[in-house]
Amino acid sequence: MNSHHFAPPRLSLRFFPIWQRHLLVWKKLAASSIIGHIADPMIYLLGLGYGLGSLLPQMGGTSYLVFLAAGTICYSTMNSASFEALYSGFSRMKEQRTWEAIMNTPVTLDDIVLAEMLWAASKSLLSGVTVLVAVWLLGLSHSPMLLWLAPLALMVGLCFAAMGLIVTALAPSYDFFMYYFTLVITPMMLLCGVFFPVEQLPPLWQNVSSALPLTHAVNIARPLMSGNAPPHALLHVAVLLGYALTGFYVSLVLFRRRLSQ
Amino acid sequence: MTTVLSAQNLHKSYAGQAVVDGVSISLNKGECFGLLGPNGAGKTTTLRLMLGLIEPDGGHLRLLGHAVPRHAREARLRVGVVPQVDNLDPDFTVAENLLVYGRYFGMKDSEIEARIPALLEFASLAHKKDVKIPTLSGGMKRRLTLARALVNDPEVLFLDEPTTGLDPQARHLIWQRLHELTVQGKTLLLTTHFMDEAERLCHRLAIMDNGRLISEGSPRDLIDRNIEPQVVEVFGERAAQWAKNHATRHAQRFEVSGESVFCYVTDAQPLLKELQRHPDLRYLHRPANLEDVFLKLTGREMRE
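Model, not experiment: these values are computed from the prediction. (Residues numbered from 1 in each chain as written. Chains lettered and ligands numbered in written order. Predicted model: local features only at pLDDT ≥ 70, side-chain atom pairs only at ≥ 80, totals over all residues. Heavy atoms only, no water.)

In terms of domains, chain B is made up of domain 1 (1-78 + 155-224), domain 2 (88-153) and domain 3 (228-287). The gap between the C-alpha centroids of domain 2 of chain B and domain 3 of chain B is 51 Å. (Domains from an automatic or database assignment.)

Right under this line is the structure:
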C-alpha cells in the first residue's frame with residue numbers, strides 16, 4: 001500500500017455524468033426494478049404484519065403492522081443500497097470495465113466512487129419512498145412526520161452504500177458477497193429492531209446492536225411512523241453519517257490500491 | 001516541432017519486479033509513434049503511466065503541457081483512448097455510448113449530439129446508430145471505441161493494440177481511419193505486436209522488452225540498423241542439417257526454428273545458387289522486414 005492511496009478524497013462535480021449514466025441504465029430496466037422495490041418489502045410487511053400481528057398485542061402503543069412498517073423502510077433501503085454497491089458496482093468495476101472506460105476521461109477514481117455511493121443512495125431513496133407511499137395508501141399513518149423518512153432513507157442509503165463499497169473493493173468475485181449478506185446484512189436485520197424490539201435481546205446482544213447502523217436508523221424511523229419526533233435524533237444521524245464517511249474513505253483507499261495494480 | 005508528450009526515465013515496479021525500467025519517449029505533434037513488444041513487455045503499463053492512471057516510481061512526464069500524474073485530469077481533457085479490451089456500455093445503443101462518454105468530458109448534450117453524425121460516419125456505423133452493443137461485430141465495436149475516443153476532438157490518441165482479434169477486412173478499415181487521423185494532424189501513440197501494422201502506420205517506433213526500449217527509429221531505420229537486408233527462408237525436413245553444413249558459408253547469420261531456417265544475408269546470390277543443388281528444400285527469398293528485427297531483438301522463445 002502506497003502513501004498516496006491514503007490521500008484525502010479529491011472530489012469534483014465530474015461525478016455527476018456518472019450518476020446520470022447509472023440513471024439512464026436504470027430507466028431502461030425501470031419497470032422490473034420498481035416491481036422489485038415494491039414487492040419484496042410488501043411481502044414482508046403484509047405477510048408478517050397481518051399474520052404475526054394478529055397474534056401480537058400492541059407494541060409501544062401502535063399495532064404490530066405500524067411497528068413493522070418502520071423497520072421495513074429501514075431494511076429495504078439497506079438492501080437496495082447494498083445490492084447496488086455490491087453486485088452492480090462490481091459489475092461496473094470488473095465485468096463491464098465501465099470504470100476503466102471512465103477513468104480514461106478527465107474523471108478520476110474518486111469521482112467514480114462518489115458517484116457509486118450517491119447512486120446507490122438514490123436507489124435507497126426510491127425504495128424508501130415506495131414503501132412510504134404504500135404505508136400512506138394502507139392508511140397505517142398519515143402524519144406529516146412521515147416526510148422525514150425520505151431524508152432518512154437517503155442517509156441509510158449513503159451508510160450502507162459506503163459499507164458495501166468496502167466489500168466490493170475487496171471482492172475477488174460475486175461469490176464473495178454471500179459472506180457479507182449472510183454474516184452482516186441478515187444478522188443486522190434480526191439484531192436491529194426491524195421485526196421486534198431490541199429490548200427482547202440478551203444484554204450482550206443489545207450492546208452489539210447499539211453499535212450497528214441499522215439500529216440507529218430504526219430508532220429514528222419508529223417514532224416518525226407514529227407521528228412523533230425521535231429522541232436523540234442527532235446522535236442517530238451522527239452514527240449513520242459516521243459510518244457513511246468512514247466507509248467512503250476506507251473503500252476509496254481500497255479501490256485506489258486495487259486499481260493501481 | 002512541437003513536443004506533445006515527453007517521458008523521461010520512467011520507472012514502475014510491482015512487488016519488486018521492474019515492469020517499466022527507464023523508459024524515455026517523446027512525441028512530436030502529428031506523428032504516429034508505435035510501441036512494439038511481446039506480451040508482458042510493459043507497453044500497457046507505459047500507457048497507463050502516461051495517462052496518469054498509475055503513479056510512477058520515478059521519472060518525469062509531461063502531456064500536452066501538463067505535469068502528469070499531478071495534472072493528468074487537465075491533460076486527459078484533450079486526449080482520446082482506445083483500450084485493449086472493449087469497455088463499451090452494453091446497456092446502451094451506439095449513439096448513447098457516444099453521448100454518455102462525451103458528458104465525462106464536461107461537454108453539453110447539444111454539443112455532443114452535433115458531433116455524433118460525423119463520428120458515426122467516420123466509424124462507418126451511421127446505419128447502426130440505435131442498435132445495442134451486444135449485437136455489433138468485433139470490428140464494429142472497435143470502430144465505435146475509436147469514435148468514442150474522438151468524441152472530445154482530442155489532440156492525442158492512445159491506442160492499446162487497436163486491431164487485436166480483428167479479421168483482415170476489419171483491420172484494414174481501422175488502419176485507413178488511423179491514417180486519416182494522422183493526416184488531420186492528430187498525434188497517435190499505439191501499441192501493437194503486429195509488425196505490418198507498425199510498418200504501415202508508424203512514422204517512428206520503439207521496440208520494448210522487459211520494461212526497456214531496446215531500439216528506436218523509423219521502420220526503415222530499424223531494419224537498416226539492426227539486420228542484414230535480405231532473408232532466405234528454407235523449409236524442409238533436412239533444412240536444419242543443411243544449414244549446419246552449408247549455410248554458414250553463404251549467410252552472415254542463420255536461425256533454426258523447427259523445420260525452417262532463416263538465413264540473413266547481404267547478398268543472396270551465392271546462397272540461392274547453393275540451394276539449387278538441394279531440390280528437396282523449398283525456400284523463400286524476401287527483403288528483411290520489421291518482424292525479423294523484432295525477433296532478433298526479443299528472441300524467438302514464447303512469452304507466457
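Right, let's get into the packing of aromatic side chains. How two aromatic rings sit relative to each other is set out by the distance from centre to centre and by the angle between their planes. Residue and element names in this part refer to chain A. Inspection of every chain in the model, using the stated rule, returns 20 aromatic pairs over all chains. Aromatic pair Phe 15 and Phe 16: ring centres 6.4 Å apart, planes at 90°, arrangement edge-to-face. Residue Phe 15 is classed as buried on the basis of its relative accessible area, which comes to 16%. Both rings, one in Tyr 64 and one in Phe 67, keep their centres 5.8 Å apart while their planes meet at 20°; by these two values the pair is stacked. With Tyr 64 and Phe 67 both in helix α3 (residues 64-95) and 3 residues apart, this pair spans about one turn of that helix. (Phe/Tyr/Trp six-rings, centres within 6.5 Å; stacked < 30°, edge-to-face > 60°. Buried < 20%, exposed > 50% of the residue type's maximum accessible area, 1.4 Å probe, protein only. Helix = DSSP H or I, 4+ residues; strand = E, 2+ residues; numbered from the N terminus.)

We now examine the sheet that holds strand β10 (residues 212-217) of chain B. All names here are of chain B. Taken in spatial order, the 6 strands of this open sheet run β6-β7-β8-β3-β9-β10, and their pairing is mixed. Whereas interior strands pair on both sides, the edge strands pair on one side only; in this sheet they are β6 (79-82) and β10. Geometrically, the sheet is characterised by an average inter-axis angle of 15° between neighbouring strands, direction not taken into account. As judged from the 5 bridges shared by strand β3 (residues 32-36) and strand β8 (residues 187-192), these two strands associate in the parallel manner. Along β8, the bridge assignment pairs Leu 36 with Thr 192. This element, helix α5 (residues 138-149), spans β6 and β7 (156-160) of the sheet and lies at about 165° to β6. The strands touched by helix α8 (residues 219-226) are β9 (204-209) and β10; relative to β10, the strand with the most contacts, the crossing angle is about 105°. (Pairing = 2+ DSSP bridges. Axes fitted to C-alpha atoms, helices over the stretch in contact; angles between N-to-C directions. Contact = heavy atoms within 4.5 Å.)

According to the stated counting rule, one finds 25 salt bridges over all chains in the structure shown. Where B:Glu155 meets B:Arg78, a salt bridge forms, and the shortest distance between an N and an O atom there is 2.5 Å. Taken together, the residues span a long stretch of sequence, with B:Glu155 in the loop between α5 and β7 and B:Arg78 in the loop between α2 (72-76) and β6 at a distance of 77 residues. Connected via shared salt-bridge partners are A:Glu84, A:Arg92, A:Glu116 and A:Lys123. (Salt bridge = Lys/Arg side-chain N within 4 Å of Asp/Glu carboxyl O.)

Our next topic: the sheet that holds strand β1 (residues 3-14) of chain B. Taken in spatial order, the 4 strands line up as β2-β1-β4-β5 (chain B) in an open sheet, and their pairing is antiparallel. A single partner strand is all that each edge strand has here, and the edge strands are β2 (17-28) and β5 (66-67) of chain B.

All names here are of chain A. Between helix α2 (residues 30-53) and helix α5 (residues 109-137), whose axes approach to 10 Å, the crossing angle comes to 55°. When the axes of α2 and α5 are compared, the pair comes out oblique. Between α2 and α5 the crossing geometry is right-handed. Along the contact surface, α2 presents Ser 33, His 37, Ile 38, Pro 41 and Met 42, while α5 presents Lys 123, Leu 126, Ser 127, Thr 130, Val 131 and Ala 134. The residue makeup of the contact of α2 with α5, split by class, is 6 nonpolar, 4 polar and 1 charged. (Parallel < 35°, antiparallel > 145°, perpendicular 65-115°, else oblique. Left-handed = near helix turned anticlockwise from the far one by under 90°. Nonpolar A, V, L, I, M, F, W, Y, C, P; charged D, E, K, R; others polar.)

Here we come to a nonpolar patch on the surface. Residues and elements named next belong to chain A. On the surface, Val 129, Val 133, Trp 136 and Leu 137 cluster together into a nonpolar patch covering about 400 Å² of accessible area. Summarising the element assignment, Val 133 is placed in helix α5. Owing to a relative accessible area of 43%, Val 133 belongs among the partly exposed residues under this scheme. (Patch = residues over 30% accessible without salt bridge, like charges linked within 9 Å, V, L, I, M, F, W, Y side chains within 5 Å. Areas by Shrake-Rupley, 256 points an atom, 1.4 Å probe, with all protein chains shown as cover.)

In this fold, A:Gly47 is placed in helix α2. When neighbours within four sequence positions are excluded, A:Gly47 is seen to be in contact with A:Met42 and A:Leu52.

A word on the interface of chain A and chain B. Each partner contributes residues to the interface: chain A has 27 residues there, and chain B has 27 residues. The contact between chain A and chain B buries some 2,500 Å² in all, and 53% of this surface belongs to carbon and sulfur atoms. Broken down residue by residue, the surface that chain A buries against chain B is led by A:Lys28, A:Asn104 and A:Pro106, which jointly contribute 24%. Here B:Arg73 and A:Asp111 are joined by a salt bridge, their closest N and O atoms 3.1 Å apart. Applying the counting criterion to the chain A and chain B interface returns 13 residue pairs in polar contact (both at pLDDT 80 or more). Of all the secondary-structure elements, those providing two or more residues to the side of chain A that touches chain B are α1 (16-28) and α4 (98-103) of chain A. Among the elements that line the side of chain A that touches chain B, the one with the most residues is α1(A), at 7 residues. Considering only residue class, the side of chain A that touches chain B consists of 10 nonpolar, 10 polar and 7 charged. (Buried area = accessible area lost by both parts, 1.4 Å probe. Polar contact = N/O pair within 3.5 Å; in protein donor to acceptor, adjacent residues only side chain to side chain.)

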